[in-house]
Amino acid sequence: AQSVTQPDIHITVSEGASLELRCNYSYGATPYLFWYVQSPGQGLQLLLKYFSGDTLVQGIKGFEAEFKRSQSSFNLRKPSVHWSDAAEYFCAVTNFGNEKLTFGTGTRLTIIP
Amino acid sequence: EPEVTQTPSHQVTQMGQEVILRCVPISNHLYFYWYRQILGQKVEFLVSFYNNEISEKSEIFDDQFSVERPDGSNFTLKIRSTKLEDSAMYFCASREQSTDTQYFGPGTRLTVL
């Protein structure tokens, strides 16, 4: 069965600092990987996705993620965070022909001035 | 930009009552989903729907749950007799034929008393 692990429940970074959120997946087939962000009281907004090709993908709001098959990872990065990036971040996985997304438990990001 | 909408944003009900959660998917999308997120837990898949029938459902989606597309725009989730443990945020999502990307609505927070 597919699974997603986000090892960090809560991360605090200073505004302007770099950010990396970790995501590891367990999946037998070629995965389709996603990062979603959930701001307080809001729904899930798609940040970026990886299906195939270039393993470094760019998303909205200055985020990027790198797919590393050898490490079964899809970590999310941002070079300089802004206060508005404070939110919950979810990694998710599926594959071609699979209807459901499997989500990680999420990482809550706090930004300090 | 087209988006998935959900109503109501918050529903409070008594245990044993029926509730209907409504979603309007993005207009050219053909695949529809419901997920739920119990407070503090991960987002979980409930059901997927295509061509007016359920294509996949999780073990959570028991006989108390049903889905329907009553007209050309709405997609509903009905819980026949709510239980306390049904309290959660319920997310609707949709995707178009040519992509594996699901777009989520803002959610309905269901509180069962």
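Preceding this section is the structure that the text describes.
None of these values were measured; they are calculated from a predicted model. (Residues numbered from 1 in each chain as written. Chains lettered and ligands numbered in written order. Predicted model: local features only at pLDDT ≥ 70, side-chain atom pairs only at ≥ 80, totals over all residues. Heavy atoms only, no water.)

Undergrad: Which parts of the structure should I look at to understand the overall build of chain A?
TA: If you tally the helices and strands in chain A, you get zero helices and twelve strands. When the elements of chain A are put in sequence order from the N terminus, they spell out β-β-β-β-β-β-β-β-β-β-β-β. What you see for chain A is a C-alpha radius of gyration of 13 Å, in line with the 13 Å of a compact globule of 113 residues. Across its three principal axes, chain A shows a C-alpha extent of roughly 45 × 30 × 20 Å. Looking at chain A as a whole, 49% of its 113 residues qualify as buried. For chain A, the proportion of contacts with a sequence separation of at least 24, taken over those separated by at least 6, is 55%. Summing over all exposed atoms, chain A offers an accessible surface of approximately 5,300 Å²; the carbon and sulfur share of this is 50%. (Helix = DSSP H or I, 4+ residues; strand = E, 2+ residues; numbered from the N terminus. Rg over C-alpha atoms; globule rule 2.2 N^0.38 Å. Buried < 20%, exposed > 50% of the residue type's maximum accessible area, 1.4 Å probe, protein only. Contact = heavy atoms within 4.5 Å. Areas by Shrake-Rupley, 256 points an atom, 1.4 Å probe, with all protein chains shown as cover.)

Undergrad: It is not clear to me how the sheet that holds strand 8 (residues 75-79) of chain B should be interpreted in this structure. Could you clarify?
TA: Within a sheet, each strand pairs with its neighbour through backbone hydrogen bonds, oriented either parallel or antiparallel. Residues and elements named next belong to chain B. Taken together, the four strands give an open sheet; going across it, the order is 1-3-8-7, and neighbouring strands pair in antiparallel fashion. Where the open sheet ends on each side, the last strands, each with one partner, are strand 1 (5-7) and strand 7 (65-68). Neighbouring strand axes in the sheet, compared pairwise and without regard to direction, differ in orientation by 20° on average. (Pairing = 2+ DSSP bridges. Axes fitted to C-alpha atoms, helices over the stretch in contact; angles between N-to-C directions.)

Undergrad: What is the right way to look at the packing of aromatic side chains in this model?
TA: For the structure on display, the rule yields 21 aromatic pairs over all chains. Between Phe63(A) and Tyr89(A), the ring centres sit 5.6 Å apart and the planes meet at 45°, which makes this aromatic pair tilted. You can see Phe63(A) sitting in the loop between strand 7 (56-58) and strand 8 (64-68) and its partner Tyr89(A) sitting in strand 10 (residues 87-94), a full 26 residues away along the chain. Their ring planes at 80° and their centres at 6.4 Å tell us that Phe91(B) and Phe104(B) sit as a pair that is edge-to-face. Note that Phe91(B) is positioned in strand 9 (residues 88-95) and Phe104(B) in strand 10 (residues 103-104), a separation of 13 residues in sequence. By relative accessible area, Phe91(B) is classed as buried at 0%. Classification of Phe104(B) as buried rests on a relative accessible area of 9%. Feature note: the residues Tyr32(A), Phe34(A), Tyr36(A), Phe51(A), Phe90(A), Phe103(A), Tyr33(B), Tyr35(B), Phe45(B), Phe91(B) and Phe104(B) constitute an aromatic cluster, connected by ring pairs. (Phe/Tyr/Trp six-rings, centres within 6.5 Å; stacked < 30°, edge-to-face > 60°.)

Undergrad: Even after reading the chapter, I still don't get the pattern of salt bridges, so can you show me in this structure?
TA: Residues and elements named next belong to chain A. Counted under the stated rule, the structure contains five salt bridges over all chains. Arg77 is the salt-bridge partner of Glu66, the closest N and O atoms lying 3.2 Å from each other. Of the two residues, Glu66 sits in strand 8 while Arg77 sits in strand 9 (residues 73-78), which places them eleven residues apart along the sequence. Under the relative-accessibility criterion, Arg77 is labelled partly exposed at 23%. The closest approach of N and O atoms between Lys78 and Asp85, which form a salt bridge, is 2.8 Å. For Lys78, a relative accessible area of 10% translates into the label buried. (Salt bridge = Lys/Arg side-chain N within 4 Å of Asp/Glu carboxyl O.)

Undergrad: Could you clarify how one ought to interpret the nonpolar core in this entry?
TA: Burial of nonpolar side chains together is a common tendency in soluble globular proteins. Core analysis: the largest hydrophobic core is formed by 27 residues, its most contacted members being Leu19(A), Trp35(A), Leu47(A), Leu48(A), Phe74(A), Leu76(A) and Tyr89(A). When residues of this core are traced back to their parent elements, those giving at least two are strand 2 (10-14), strand 3 (19-21), strand 5 (32-38), strand 6 (44-50), strand 8, strand 9, strand 10 and strand 12 (107-112) of chain A. Here this core takes four residues from strand 10 of chain A, the largest share from any one element. Apart from residues no more than four positions distant in its own chain, Leu48(A) is found in contact with Leu33(A), Phe34(A), Trp35(A), Val57(A), Gln58(A), Gly59(A), Phe63(A), Glu64(A), Ala65(A), Phe74(A) and Leu76(A). Core analysis: the next-biggest nonpolar cluster, separate from the first, contains 22 residues, Cys23(B), Trp34(B), Phe75(B) and Leu110(B) among them. (Core = buried A, V, L, I, M, F, W, Y, C linked by side-chain atoms within 4.5 Å.)

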